[in-house]
Amino acid sequence: YKVESKNTDLTDCSKVVFQPVIAETSMAGNISNSAGPVGSSLSKLQSLNGLFAINKKQGPTSADVLNMLKETLLKEAGVKNPNPRKRKKQSLKMGHGGTLDSSASGVLVVGVGNGTKMLSTMLAGSKKYVAVGELGKATDTLDASGIVILEKDFEHITRLDLEEKLKAFTGDIMQVPPLYSALKKDGQRLSVLLKQGHQVEAKPARPVTVYNLSLQEFKPPLFTLDIECGGGFYVRSLVDDLGKALSSCAHVKELIRTKQGQFTLEEHALHEEQWTLENILCSLQPCSESEQKPAEADT
């Protein structure tokens, strides 16, 4: 597509006219290059290159949400019975920049077309979370989706105690990732191996960065944290470690990612009912010219 506008502020989509440009394409599984509305919509969808954010709801995995998004867009473009889970000969290239747990919600950054090459910056960049922890109970998954494996007293913990302990988890720290995670062993996710009954050893502690960490609310047994961290950080491990540091135990009851990179939950994340080509065109952060060039092979 091309943009025709005399207005230089492209954040106002009401002032932008998108003119479809039908171009030849060799992507397998596509509808033939026709000037009809179906061919035009699919060509426009496949011409997208960049990043945008969606609001992942609590429940499904990040991969499931991405497949739902792809299926919605392909159906809008007129593709009958799209199969977003089919890995080969995909008619729409899309990926996400950083897994959110099934029980978590919030900002999920999506790369489309050559924008998938930009996702590595999202993995390493700054993220913000709001986490609600519950004192006195530890679970095997370190969040509310797991089974309670330990209960301990928490009445001795004061707001001042909690705030004091947070200081030890700020800055450059070492952190052990949770067993139930997207990390892999021999090509298989640790969480999958555990569910299959395999014995899994904890990964070694690794360096992570916490830029800001503050206590927003304290109503025992619940407490709410505001967190800004770098890549590779696990909020579940933080809350578990915090419970132990307070001579008790704790798990994450609720987790929301409020910001990833430049994308915020309030301003940029598209809700499920907003998953349309028009809305994505309005919110897309395009690739740079170098990233627009076709790669020798898909990554």
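Residues numbered from 1 in each chain as written. Predicted model: local features only at pLDDT ≥ 70, side-chain atom pairs only at ≥ 80, totals over all residues. Heavy atoms only, no water.

- As named in an unreviewed UniProt entry, the protein chain is Pseudouridylate synthase TRUB1, taken from Sparus aurata.
- Under the UniProt heading Sequence similarities (unreviewed entry), the entry covering the protein chain gives this text: "Belongs to the pseudouridine synthase TruB family." (UniProt positions renumbered as here; feature names shortened; annotations may be inferred.)

1. With respect to the overall build of the protein chain
Then, number 1: On a plain count of helices and strands, the protein chain comes out with 8 helices and 16 strands.
Then, number 2: Considering only contacts within the protein chain whose residues lie at least 6 apart along the sequence, 68% involve residues at least 24 apart. (Helix = DSSP H or I, 4+ residues; strand = E, 2+ residues; numbered from the N terminus. Contact = heavy atoms within 4.5 Å.)

2. Things to note about the pattern of salt bridges
Then, number 1: Counted according to the given criterion, the structure contains 8 salt bridges.
Then, number 2: Residue E272 pairs with K57 through a salt bridge whose shortest N-O separation is 3.3 Å. With E272 in the loop between β15 (263–264) and α7 (277–283) and K57 in the loop between β3 (50–56) and α2 (62–76), this residue pair connects regions lying 215 residues apart in the sequence.
Then, number 3: Accessibility expressed as a relative area gives 37% for E272, which makes it partly exposed. (Salt bridge = Lys/Arg side-chain N within 4 Å of Asp/Glu carboxyl O. Buried < 20%, exposed > 50% of the residue type's maximum accessible area, 1.4 Å probe, protein only.)

3. Quick notes on unusual backbone geometry
Then, number 1: The omega angle of the peptide bond from P220 to P221 is 10 degrees, so this bond is cis rather than trans.
Then, number 2: For P221, the position within the fold is in the loop between β12 (206–219) and β13 (222–229).
Then, number 3: Phi at L142 takes a positive value of approximately 70 degrees, unusual for a residue other than glycine.
Then, number 4: Structurally, the position occupied by L142 is in the loop between β7 (137–139) and β8 (148–151).
Then, number 5: Residue classification places L142 among the buried positions, given a relative accessible area of 12%.
Then, number 6: Positive phi values are uncommon outside glycine, yet S247 reaches one of about 60 degrees.
Then, number 7: With respect to the helices and strands, S247 occurs in the loop between α6 (235–245) and β14 (250–260).

4. Remarks on the environment of L66
Then, number 1: Locating L66 in the fold gives a position in helix α2.
Then, number 2: Separated by 19 residues in sequence, L66 and R85 have C-alpha atoms that sit 9.6 Å apart.
Then, number 3: The residues touching L66, leaving out its near neighbours within four places in the chain, are M94, G95, H96 and V110.

5. A few points about α6
Then, number 1: Summarising burial for α6: 8 of the 11 residues are buried, a large majority.
Then, number 2: Here α6 has its buried residues at V235, R236, S237, L238, V239, D240, L242 and G243.
Then, number 3: Residues of α6 that are buried sit in contact with β6 (127–135), α4 (159–166), β9 (171–175), β12, β13 and β14.
Then, number 4: S247 lies just past α6 and shows a positive phi near 60 degrees.

6. Side note on the pairing of β12
Then, number 1: Pairing analysis gives 5 bridges linking β9 to β12, with the strands arranged antiparallel. Its bridge partner lying in β12, G171 is registered against V210.
Then, number 2: Where β12 and β13 come together, 8 bridges link them in antiparallel fashion. Looking across to β13, one finds that E217 is bridged to T224.
Then, number 3: Hairpin geometry of β12 and β13 is characterised by an intervening segment of 2 residues between the two adjacent antiparallel strands. (Pairing = 2+ DSSP bridges.)

7. Focus: the nonpolar core
Then, number 1: Of all hydrophobic cores here, the largest spans 29 residues; its most connected members are L162, F223, L225, I227, F233 and V235.
Then, number 2: If you list the elements that add at least two residues to this core, you get β6, α4, β12, β13, α6 and β14.
Then, number 3: Ranked by the residues each element gives to this core, the list is headed by β12, at 5 residues.
Then, number 4: Those residues within four positions of V235 in sequence are excluded, and the remaining contacts are Y129, A131, I227, V252 and L255.
Then, number 5: Listed in part, the 23 residues of the second largest apolar core include L66, L92, V112 and L277. (Core = buried A, V, L, I, M, F, W, Y, C linked by side-chain atoms within 4.5 Å.)

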